[in-house]
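Single-letter residue listing:
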Amino acid sequence: VNLDGLAGLEPVARETAQDLVYNQLRKSLICGGFDAGDVFKPADVAARMSVSSMPVREALARLVSERALEAMPNRRVRVPLLNKDQMRRILHARKLIEGDLVKSALPHLSADVLSTLEVFADQYEAAAKETEVAMANHAFHFTIYQRAESAVLLPFAESLWMQTGPYIRAASRLVSTPLSTSATQAHHDITDAIRRADHAGLVTALYRDISAPFDVLEQTTAQIWGVKTP
């Protein structure tokens with residue numbers, strides 16, 4: 001059989017129902033689409049997404065393994081409750097992992113990548129819906145992190161972003177000025193540091209960006225810890 005004519009073809013990714021369910025739930029978690037304490041029944045999720053229960057259970061189990069959700073009795077899962085000690089651990093881990101990723105990525109951030117980052121920064125600033133804001137922010141950061149070419153650290157960063165979502169959702173309800181205001185300036189500081197090849201300035205701007213919602217929660221006396229947010 002002559003296969004020469006197939007030389008220009010590329011493999012086609014096959015996305016399963018589990019992948020589709022997982023990706024939608026992952027996106028919602030990153031975007032702060034769920035409150036801490038929200039409980040999911042696989043059957044309810046399956047009915048909502050018009051799929052069978054099996055891919056839903058598999059997707060939920062995957063998210064539990066990534067610590068974005070936690071298992072409960074009767075096959076239910078929930079978004080973990082807000083916990084101040086856990087919040088501090090998440091922030092500490094994000095600084096370690098994302099700080100390492102940006103430092104490793106910096107030598108590989110070309111002018112083309114910088115232009116892409118500026119586009120995402122503009123999209124973030126112009127976004128009106130919370131989902132659009134969150135996804136533009138995710139795209140901005142992971143455009144940088146992917147240039148570190150670290151197959152080990154990237155999955156940890158993704159997991160931590162999913163775990164952060166409910167905290168950002170809670171923090172956003174406690175401030176009069178949108179959290180996106182400080183992030184907008186941080187994005188500009190990050191791109192400026194990249195342009196200067198300034199390692200220290202880049203990490204400082206990154207830390208300020210990812211710390212903002214956690215700082216809000218550290219300062220609040222609201223009764224949000226360990227209970228389902230309203």
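Our structure's up above, just so we're on the same page.
Our subject in this report is the structure included herewith. Along each chain, residues carry numbers from 1 onward, in the same order as the chain's sequence is written. Since the coordinates come from a predicted model, pLDDT governs what is reported: local features require at least 70, and pairs of side-chain atoms require 80 or more to be given and counted, while whole-chain, interface and lining totals use all residues. Calculation of side-chain values draws on the structure's entire complement of heavy atoms; hydrogens and water are dropped beforehand.

## Quick look at the layout of surface pockets
Whether a set of points on the 1 Å grid over the protein atoms alone is a cavity depends on a 1.4 Å probe fitting there but being unable to get out, while an open set qualifies as a pocket with protein on both sides within 12 Å along at least five of seven lines; lining residues are those with an atom within 4 Å of a point. Grid points are joined across faces, edges and corners, and a volume is the space filled by probe spheres set on the points. Quantified by volume, the largest pocket comes out at close to 650 Å³. If you trace the largest pocket, you find 30 residues lining it, with Tyr124, Val133, Ile168, Leu179 and Ser180 closest to the centre. Estimates place the volume of the second largest pocket at around 220 Å³. Listing elements by their share of the lining of the second largest pocket, those giving two or more residues are helix 4 (84–105) and helix 7 (153–172). In terms of residues, the lining of the second largest pocket owes the most to one element, helix 7, which gives 4 residues. By residue class, the composition of the lining of the second largest pocket is 9 nonpolar, 2 polar and 3 charged. A run of H or I in DSSP counts as a helix once it spans at least four residues, and a run of E counts as a strand once it spans at least two, with each numbered from the N terminus. When residues are sorted by character, Ala, Val, Leu, Ile, Met, Phe, Trp, Tyr, Cys and Pro go into the nonpolar class, Asp, Glu, Lys and Arg into the charged class, and all the rest, Gly among them, into the polar class.

## Considering the packing of aromatic side chains
For any pair of aromatic rings, the description consists of the separation of the ring centres together with the inter-plane angle of the planes. Pairing of aromatic rings covers Phe, Tyr and Trp, the last counted by its six-membered ring, and requires centre-to-centre distances within 6.5 Å; plane angles under 30 degrees mean stacked, over 60 mean edge-to-face, and any other angle means tilted. In the structure shown here, the tally under the stated rule is 4 aromatic pairs. Centre to centre, the rings of Phe34 and Phe40 are 4.8 Å apart; their planes meet at 75 degrees, and the pair counts as edge-to-face. The pair formed by Phe34 and Phe40 is uniform in burial state, with each residue classed as buried. With a centroid separation of 6.4 Å and an interplanar angle of 35 degrees, the aromatic rings of Tyr167 and Phe214 are classed as tilted. Placement of the pair is Tyr167 in helix 7 and Phe214 in helix 9 (residues 199–219), with a sequence separation of 47 residues. For every residue, the accessible area (1.4 Å probe, protein chains only) is compared with the maximum for its type, and the residue is labelled buried under 20%, exposed over 50%, or partly exposed between those bounds.

## Some thoughts on the sheet that holds strand 2 (residues 70–71)
A pair of strands is treated as paired once DSSP finds two or more bridges between them. Spatial strand order, 1-3-2: 3 strands in an open sheet with antiparallel pairing. Of all strands in the sheet, those bounded by a partner on one side alone are strand 1 (39–40) and strand 2.

## What to know about helix 3 (residues 53–65)
Look at helix 3: 18 Å from first C-alpha to last across 13 residues, which is about the 18 Å you get at 1.5 Å a residue. Buried within helix 3 are the following residues: Pro55, Val56, Ala59, Leu60 and Leu63. Across the axial projection of helix 3, the buried residues extend over an arc of 135 degrees, all falling on one side. The positive-phi residue at the C-terminal boundary of helix 3 is Arg67, with phi of around 70 degrees. Expected span of a helix: the number of residues minus one, times 1.5 Å. This arc is taken over the directions from the axis of the helix to the C-beta atoms.

## Considerations on the side chain of Arg26
Note that Arg26 resides in helix 1 (residues 17–30). Arg26 gets classed as buried once you look at its relative accessible area, which sits at 16%. For the purposes of these results, a polar contact is taken to be a pair of N or O atoms within 3.5 Å, where, inside protein, one atom must be able to donate a hydrogen and its partner to accept one; residues adjacent in sequence count only when each atom of the pair is a side-chain atom. Of note is the side chain of Arg26, whose polar atom sits 2.9 Å from the side chain of Glu158. Residue contacts are counted whenever heavy atoms from the two residues lie within 4.5 Å of one another. Beyond its immediate sequence surroundings of up to four residues, Arg26 is in contact with His138, Glu158 and Met162.

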